[in-house]
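# Structural features, examined
Each chain is listed here by its residues.
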Amino acid sequence: MQHIKLFFALLACWAITQNSIAADKHGESSDNEFDPMEMIMHHIADAHEWHVISYTSKSGEEKHITLPLPIILIDDGLHVFMSSAFHHGEKVVQKGDNYYKLYHEKIYKTDALGTINYGPEHEVLNDKPIDFSITRNVASMWLSIIIIIWLFTAAAKRYKGAPAVPKGMQSFLEPLILFVRDDIAYEQIDKHKADKFVPFLLTLFFFIWINNLIGLIPFFPGASNLTGNISLTMVLALITFLVTNFSGTKSYWGHIFWMPGVPVPIRLLLSVIEFIGLFTKPFALMIRLLANITAGHIIILSLFSLIFVMKSVAIAPVSILMALMMFMLELLVAVLQAYIFTLLSALFIGMAVHDEEH
Amino acid sequence: MGLLTPDPGLVFWSALTFGLLVFILKRYAWKPILHAVKSREETIEYALAAAKKAKAEVEDLNATKVQIMNDAKAERDTLIKAARELKQSMLDDAKSKAQDEADKIIASARVQIEREKNEAILQLKEKVAEFSVDIAGKLLEEELESTDKQKAIIDKYLQEVNFN
């Protein structure tokens with residue numbers, strides 16, 4: 001409950017500041033209308049700084065406490081500077097002859113005044129430099145791998161010496177590791193070939209799970225939406241795709257391009273379908289994780305937005321109760337999606353390495 | 001559609017990070033953990049098999065022990081029985097031998113006695129004959145003098161006869 005309350009408090013501060021920033025920047029609406037869509041989209045998208053808290057000082061000035069993150073741009077050479085230089089998008093940064101402006105968490109090339117040119121659909125026409133910045137998602141990912149490496153190397157140390165009864169963290173992690181090995185890898189992949197893929201599957205499972213959980217922490221240093229970001233899910237699905245197809249056996253490729261035991265016209269049809277299937281499988285992996293995690297974030301944020309949309313504290317208990325239920329569900333979804341992603345990866349690998357016995 | 005547009009920066013960093021994570025964890029976590037778990041599983045399996053084997057061996061040993069004890073008991077019984085029989089037969093033998101010996105001794109004693117007796121009787125007879133001849137001689141001498149005197153002489157000589 002403590003976290004929820006804190007999250008609620010943070011969200012309130014944030015929503016208010018968002019609101020005013022949006023109003024300032026857009027100049028679309030002069031009143032303080034709360035836009036839940038704006039707030040939610042801001043939350044689930046990536047960011048160039050790590051927001052901790054915002055508040056309005058007594059003099060009416062907005063204060064943002066953020067952790068500045070490194071900006072790395074490739075545009076006529078490499079430019080590295082801290083995101084604090086943008087002053088939350090208020091200032092234009094000059095590097096050499098180029099000017100950069102942070103606008104809606106995207107970096108654009110502008111003139112010295114930071115003019116943003118809009119097209120007819122209100123889309124931004126300015127050029128974008130190649131952006132390799134350490135964004136909030138990257139920072140959150142690095143935090144997660146520090147946690148994961150610490151957890152598992154600490155557990156691994158316990159295994160030195162003679163076999164003994166698992167203790168402490170080890171006794172919590174070992175059943176999970178064995179679950180992935182026995183019930184995911186060994187179930188789906190022929191046992192004599194499975195051992196090669198177990199480290200990949202274990203890493204995949206714990207990476208997704210821990211990052212899902214970090215995403216659920218409603219305050220700094222959590223609340224990132226890494227596993228709900230298409231860039232990450234794409235990378236993971238791509239790795240599964242590469243691992244699957246680079247370990248494909250003769251019989252696997254035979255079944256894709258020249259299905260044995262069926263007439264030739266159907267073989268041709270099947271080879272087209274199977275070929276498309278090669279790509280739809282990882283594509284489904286990518287979308288499933290992204291959609292599930294992002295949906296959870298959107299639902300929880302929407303429930304809190306209710307309070308501000310209705311402009312009533314009376315709705316708060318309902319919001320909090322429903323959000324609490326969603327949090328419980330999301331805890332389950334966090335592990336479930338990690339499990340499903342790992343299981344399907346193992347399934348695809350298992351299909352690829354399987355030797356057909358006729 | 002900002003949500004569905006991959007961002008090259010994040011793609012790059014996540015691919016790099018995930019690759020690095022797989023490498024580090026494989027080397028420093030999964031390998032030692034999985035190896036230890038596997039060796040522990042093997043140890044447990046081996047220990048269980050060994051325990052099973054040891055149990056079977058103990059059972060075997062118990063059976064052998066019982067067998068040996070039973071054998072020993074049977075042997076002891078036969079030995080005791082044989083000893084008893086031997087004792088009985090020895091006693092019987094000794095008894096019969098003793099009897100025989102005793103009988104023999106008695107028999108030989110009897111023969112001896114008989115022989116001595118006969119010898120004694122023979123000697124007595126000789127002595128009696130001698131005395132009788134002597135007495136008869138003396139009587140013949142005395143007869144020549146008087147009857148009274150003859151009688152006295154006979155008595156006197158009879159008195160002198162010592163049958164011992």
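In this text, all values refer to a predicted model and were calculated from it rather than measured experimentally.

## Here we look at the overall build of chain B
If you tally the helices and strands in chain B, you get 2 helices and 0 strands. Structurally, chain B occupies a C-alpha span of about 200 × 20 × 15 Å along its principal axes. Taken across its 164 residues, chain B has 8% of its residues classed as buried.

## Comments concerning the overall build of chain A
What chain A contains, in helices and strands, is 10 helices and 8 strands. Within chain A, the fraction of its 358 residues that count as buried is 35%. Long-range contacts, defined here as pairs at least 24 residues apart, represent 57% of the contacts in chain A between residues at least 6 apart.

## A few points about the interface of chain B and chain A
Residue-level contacts link 31 residues of chain B with 38 residues of chain A. Across the side of chain B that touches chain A, the residue classes break down as 22 nonpolar, 6 polar and 3 charged.

## Details of the packing of helix H6 (residues 198–216) of chain A against helix H10 (residues 316–353) of chain A
Residues and elements named next belong to chain A. In the contact formed by H6 and H10, the axes pass within 9 Å of each other and the chain directions differ by 160°. By the angle class used here, H6 and H10 are roughly antiparallel. Considering the relative orientation of H6 and H10, their crossing is right-handed. Judged by residue contacts, Leu201, Leu204, Phe205, Ile208, Trp209, Asn212, Leu213 and Leu216 of H6 engage Phe327, Glu330, Leu331, Ala334, Val335, Gln337, Ala338, Phe341, Thr342, Ser345 and Ala346 from H10. Its residues assigned to classes, the contact of H6 with H10 shows 14 nonpolar, 4 polar and 1 charged.

## Overview of the domain arrangement of chain A
Its domain assignment divides chain A into domain 1 (70–133) and domain 2 (138–353). Here domain 1 of chain A and domain 2 of chain A have C-alpha centroids that lie 34 Å from each other.

## Let's talk about the sheet that holds strand E3 (residues 70–74) of chain A
Two orientations exist for strands paired in a sheet by backbone hydrogen bonds: parallel and antiparallel. Strand order across the open sheet formed by 3 strands is E4-E3-E8 (chain A), with antiparallel pairing between neighbours. Only two strands of the sheet have a single partner each, and these edge strands are strand E4 (78–82) and strand E8 (130–131) of chain A.

## Some words on the sheet that holds strand E6 (residues 98–103) of chain A
Residue and element names in this part refer to chain A. What the 3 strands build is an open sheet, ordered E5-E6-E7; its pairing is antiparallel. At either margin of the open sheet sits one strand with a lone partner, and together these are strand E5 (93–95) and strand E7 (106–110). Along the sheet, successive strands turn relative to each other by an average axial angle of 35°, direction set aside. Here E5 pairs with E6 via 3 bridges, running antiparallel. Looking at the pairing, Lys95 lines up with Asn98 of E6.

## Looking at the nonpolar core
Core analysis: the largest hydrophobic core is formed by 63 residues, its most contacted members being A:Ala185, A:Leu201, A:Phe205 and B:Ile33. When contributions to this core are tallied by element, the ones reaching two or more residues are helix H3 (136–157), helix H4 (169–188), H6, helix H7 (230–246), helix H9 (264–310) and H10 of chain A together with helix H1 (8–143) of chain B. The element contributing the most residues to this core is H6(A), with 13 residues. In contact with A:Phe205, other than residues within four places in its own chain, are A:Val180, A:Ala338 and A:Thr342.

## Focus: the confidence of the model for chain B
With 94% of its residues at a pLDDT of 70 or more, chain B shows a mean pLDDT of 89. Taken over the whole predicted complex, pTM reads 0.75, whereas the ipTM for its chain interfaces reads 0.83.

## Details of the pairing of E4(A)
Residues and elements named next belong to chain A. Relative to E4, E3 is paired through 5 bridges, and the arrangement is antiparallel. Paired with Ile72 across the strands is Val80, a residue of E4. Once E3 ends, the chain turns through 3 residues before running back antiparallel as E4, passing Asp76 with a positive phi of about 55°.

## Overview of the pairing of E7(A)
Residue and element names in this part refer to chain A. Relative to E7, E6 runs antiparallel, the two sharing 5 bridges. Residue Leu102 lies in a different strand from E7, and its bridge partner there is Ile107. Following E6, the chain reverses through 2 residues before pairing antiparallel with E7; His104 in that reversal takes a positive phi of roughly 50°.

Parameters and conventions
Residues numbered from 1 in each chain as written. Chains lettered and ligands numbered in written order. Predicted model: local features only at pLDDT ≥ 70, side-chain atom pairs only at ≥ 80, totals over all residues. Helix = DSSP H or I, 4+ residues; strand = E, 2+ residues; numbered from the N terminus. Buried ≥ 20, exposed ≤ 12 C-beta atoms within 10 Å, placed from the backbone. Contact = placed C-beta atoms within 7 Å. Nonpolar A, V, L, I, M, F, W, Y, C, P; charged D, E, K, R; others polar. Axes fitted to C-alpha atoms, helices over the stretch in contact; angles between N-to-C directions. Parallel < 35°, antiparallel > 145°, perpendicular 65-115°, else oblique. Left-handed = near helix turned anticlockwise from the far one by under 90°. Domains from an automatic or database assignment. Pairing = 2+ DSSP bridges. Core = buried A, V, L, I, M, F, W, Y, C linked by C-beta atoms within 7 Å. pLDDT = per-residue confidence, 0-100.

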